[in-house]
Amino acid sequence: MQKRALGRTGLSIAPVVLGGNVFGWTAGEKMSFDILDRFFDSGFNTIDTADMYSLWVDGNVGGESETIIGNWLKRGGVKREDAVIVTKVGADLGGKRRGLSARRIAEAVEDSLRRLQTDYIDLYLAHWPDAETDDEESLTAFAKLKDAGKVRAIGCSNLDAEQLQATFDAAKKVGVGRYDVIQPEYNLYTRSKFEGELAELCLREEIGVISYYALASGFLTGKYRSAADTEGKARGEDMDRYLNTRGFHILGALDQVAAETNTSPATVAIAWIAAQPGVTAPIASATSLRQLDSLIASGKLELTAAQMTHLNDAGA
């Protein structure tokens, strides 16, 4: 499978990243192992997780996803150097376990390394902006991790163009490395958070982009087409924002292209993101092997110019 350069990090990744947010939530350890095995057997190589996954589940404390990934790595079915592991710091885990202070970053990386059962993280991301900590402090702390060999590359998530530019300026001011990757929300429905100024900045500065919510919490799979479809589903409460005229127009376009390509709406939705200028790879998660097959197919699907135009117009 053709790998893509992840900005200036020196890392090369397949065109789809596996989301680990469901591990320890809607996918238990055994199913997570099965998903990871098939994903890597199919030629993909990158997993995205965070220290907070899956804190929102009753009884969880955060770190469940990293723990499952660490247990999977320990089995040795995939060599550590063949897996690109992405994780994050900065979310509020309770008490003082939050933010991007130097103290918090130094503490959190050790926790993530322990759970992942590895001595380095390929890509470490600042999960959310931290208004209480200067960018200079955070970037200096990340630079120390790189110097110590605990992290290979650094990046950020959920910043707009102005905020990202500010981090570039801060890095230059203190003479440390910048963020080389960003993780924005981006899909056929939610486009304004990336397209425009942020996408242009990423292209100009050669920033790697691994976008999240590729399937809009499952809406773009086509399985939620009415309020009744959401009842009793783990992500059903997220669907209200999508069940509208624009959302149905997008689903119609996905249905048409899926029929033309003999694939599924989910496969088409992910392939559309992967084909966008500036995007290195979208992140998508799966809770079953059947769902994973749609994800895998997206990494091999090349949409025609006419199909891209049709999808672009539907979600404009």
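Residues numbered from 1 in each chain as written. Predicted model: local features only at pLDDT ≥ 70, side-chain atom pairs only at ≥ 80, totals over all residues. Heavy atoms only, no water.

### Things to note about the pairing of strand β9 (residues 208–211)
Rules: Per-residue accessibility, obtained with a 1.4 Å probe over protein chains only, is compared with the maximum for each type, and a residue is labelled buried under 20%, exposed over 50%, and partly exposed between these values. Helix and strand definitions here come from DSSP, where helices need a minimum of 4 consecutive H or I residues and strands a minimum of 2 consecutive E residues; each element is numbered from the N-terminal end. Strands were regarded as paired on the criterion that DSSP finds at least two bridges between them. We call a crossover right-handed when, viewed with the strands running away from us, the connection from the first strand over the helix to the second turns clockwise.
Because side chains alternate across β9, one face comprises the buried residues Gly 208 and Ile 210, and the other comprises Val 209 and Ser 211, equally buried. Bridge analysis of strand β8 (residues 181–183) against β9 gives two bridges, and the strand direction is parallel. Within β9, the residue paired with Ile 182 across the bridge is Val 209. In the classification by handedness, the crossover that spans β8, the intervening helix α6 (residues 197–205) and the parallel β9 is right-handed.

### As for the packing of helix α5 (residues 161–174) against α6
Basically, it comes down to this: Orientation is described by lines fitted to C-alpha atoms, with helices fitted over the stretch in contact, and by angles between N-to-C directions that extend from 0 to 180 degrees. Angle categories: roughly parallel below 35 degrees, roughly antiparallel above 145, roughly perpendicular from 65 to 115, and oblique for all the rest. Whether two residues touch is decided by their heavy atoms; if any such pair falls within 4.5 Å, the residues are in contact. When residues are grouped by polarity, Ala, Val, Leu, Ile, Met, Phe, Trp, Tyr, Cys and Pro land in nonpolar, Asp, Glu, Lys and Arg in charged, and all others, Gly among them, in polar.
Two elements in contact, α5 and α6, have axes whose closest approach is 8 Å; the angle formed by their N-to-C orientations is 30 degrees. Between α5 and α6, the crossing angle belongs to the class labelled roughly parallel. Contacts between α5 and α6 involve Ala 161, Leu 164, Gln 165 and Phe 168 on the former and, on the latter, Glu 197, Leu 198, Leu 201, Cys 202 and Glu 205. A per-class count over the contact of α5 with α6 returns six nonpolar, one polar and two charged.

### Structural notes on a negative patch on the surface
How we decide: Every patch collects residues that have over 30% relative accessible area and no salt bridge, joining them within 9 Å if they carry like charges and within 5 Å if they are nonpolar side chains (Val, Leu, Ile, Met, Phe, Trp, Tyr). Residue burial considers only the protein chains on display, and all accessible areas are found by Shrake-Rupley using a 1.4 Å probe. Salt bridges, as used here, are contacts in which a Lys or Arg side-chain nitrogen is within 4 Å of a carboxyl oxygen on Asp or Glu. Just so you know, the count uses Lys and Arg for positive and Asp and Glu for negative, and it drops His and the chain ends. Where a charge lies is defined by one atom per residue type, namely NZ (Lys), CZ (Arg), CG (Asp) and CD (Glu).
A cluster of acidic residues, Asp 160, Glu 162, Glu 197 and Glu 200, forms a negative patch at the surface. By secondary structure assignment, the location of Glu 162 is in helix α5.

### Brief notes about the layout of surface pockets
Stated precisely, the cut-off is as follows: Here the term cavity refers to a set of points on a 1 Å grid, laid over the protein atoms alone, in which a 1.4 Å probe fits but cannot get out; the term pocket refers to an open set having protein on both sides within 12 Å along at least five of seven lines, with lining residues being those that place an atom within 4 Å of a point. Grid points are joined across faces, edges and corners, and a volume is the space filled by probe spheres set on the points.
Quantified by volume, the second largest pocket comes out at close to 250 Å³. Lining the second largest pocket we find 13 residues, and of these Arg 4, Pro 15, Gly 299, Leu 301 and Glu 302 sit closest to its centre. Taken together, the residues of the lining of the second largest pocket sort by class into seven nonpolar, three polar and three charged.

That is the geometry; function is a separate question.
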